[in-house]
Amino acid sequence: QVQLVESGGGLVQPGGTLRLSCAASGSISSFYHMTWYRQAPGKQRELVAQLIRGQHTYYSDSVKGRFTISGDNTKNTVYLQMNSLKPEDTAVYLCSAREYMSTLNYWGQGTQVTVSS
């Protein structure tokens, strides 16, 4: 059974930087998608960044140029480097994964990111 554990969230000032981690119980090379979502109060869940087949990336317009998704196969971990953070980035950030030949998504419990002065 796949488990995902997010970490690295916290309180940061506008313009600051955080790096989130998503540690998987298995090799991240077994996943077709590794995706970061975020959920803010009163807003729909938003796809933030996606690592596809371990090499291609996709970013939402709201974070493009500021956030970077990457994977470390040795550590079975996917990262989200977040620079130039804005108050609008405040949300619970969730890691999701989908295996090859599967329609099921696996989810972590999320990590809170708060951007405030």
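These numbers come from a predicted model, not from an experiment. All residue numbers refer to position in the chain's written sequence, counted from 1. With pLDDT at 70 or above as the cut-off, local features in this predicted model cover only qualifying residues; side-chain atom pairs require 80 or more to be listed or tallied, and sums for whole chains, interfaces and linings still use all residues. Each side-chain value is worked out from all heavy atoms of the structure, with water and hydrogens disregarded.

Novice: Please clarify how the state of the cysteines should be interpreted in this entry.
Specialist: As used here, a disulfide is simply a covalent bond connecting the sulfur atoms of two cysteines. Only a pair of cysteine sulfur atoms within 2.5 Å qualifies as a disulfide here. Using the criterion set out here, one finds one disulfide in the structure. Shown here is the disulfide that connects cysteine 22 with cysteine 95, its sulfur atoms set 2.0 Å apart. The S-S bond linking cysteine 22 to cysteine 95 shows a torsion near -80°; that makes this disulfide left-handed. In this pair, cysteine 22 sits in strand 3 (residues 18–24) while cysteine 95 sits in strand 9 (residues 91–99), placing the two residues 73 residues apart along the sequence. Note on classification: 1.4 Å probe, protein chains only; a residue is buried when its accessible area is under 20% of the maximum for its type, exposed when over 50%, partly exposed between these limits. Among the residues examined, cysteine 22 registers a relative accessible area of 0% and is labelled buried. Here cysteine 95 falls in the buried class, since its relative accessible area comes to 1%. By the criteria applied, helices consist of DSSP H or I runs no shorter than four residues and strands consist of E runs no shorter than two, each listed in order from the N terminus.

Novice: Would you mind going over the pairing of strand 3 with me for this structure?
Specialist: Sheet faces and side chains relate simply in a regular strand, where the side chains alternate between the two faces. Of all the seven residues making up strand 3, five are buried; the element is thus mostly covered by neighbouring parts of the structure. Two strands qualify as a pair provided DSSP detects at least 2 bridges between them. In the sheet, strand 1 (residues 4–7) pairs with strand 3 via four bridges, with the strands oriented antiparallel. From the neighbouring strand, serine 7 faces strand 3, where its bridge partner is serine 21. For strand 3 and strand 8 (residues 77–82), the ladder comprises six bridges, and the chain directions are antiparallel. Bridged to leucine 18 within strand 8 is methionine 82.

Novice: Please clarify how the side chain of aspartate 89 should be interpreted in this entry.
Specialist: One can find aspartate 89 in the loop between strand 8 and strand 9. According to the relative accessible area criterion, aspartate 89 is buried, its value standing at 2%. The contact criterion used is simple: two residues touch if any of their non-hydrogen atoms lie within 4.5 Å. Setting aside chain neighbours within four positions, we find aspartate 89 in contact with Arg38, Arg66, Phe67, Ser84, Val113 and Val115.

Novice: Before we go on, may I ask you to explain the nonpolar core in this structure?
Specialist: What tends to happen in soluble globular proteins is that the nonpolar side chains get buried as a cluster. Grouped together as the largest cluster of nonpolar side chains are 29 residues, with contacts concentrated most on Met34, Trp36, Leu80, Met82 and Tyr93. Mapped onto this core, the elements with two or more residues apiece are strand 3, strand 4 (31–39), strand 5 (46–52), strand 7 (67–72), strand 8, strand 9 and strand 11 (111–115). Excluding anything up to four places from it in sequence, methionine 34 contacts Cys22, Ile28, Ala49, Gln50, Leu51, Ile69, Val78, Cys95, Ser96 and Ala97. What makes a nonpolar core is a set of buried Ala, Val, Leu, Ile, Met, Phe, Trp, Tyr and Cys residues whose side-chain atoms join them at distances within 4.5 Å.

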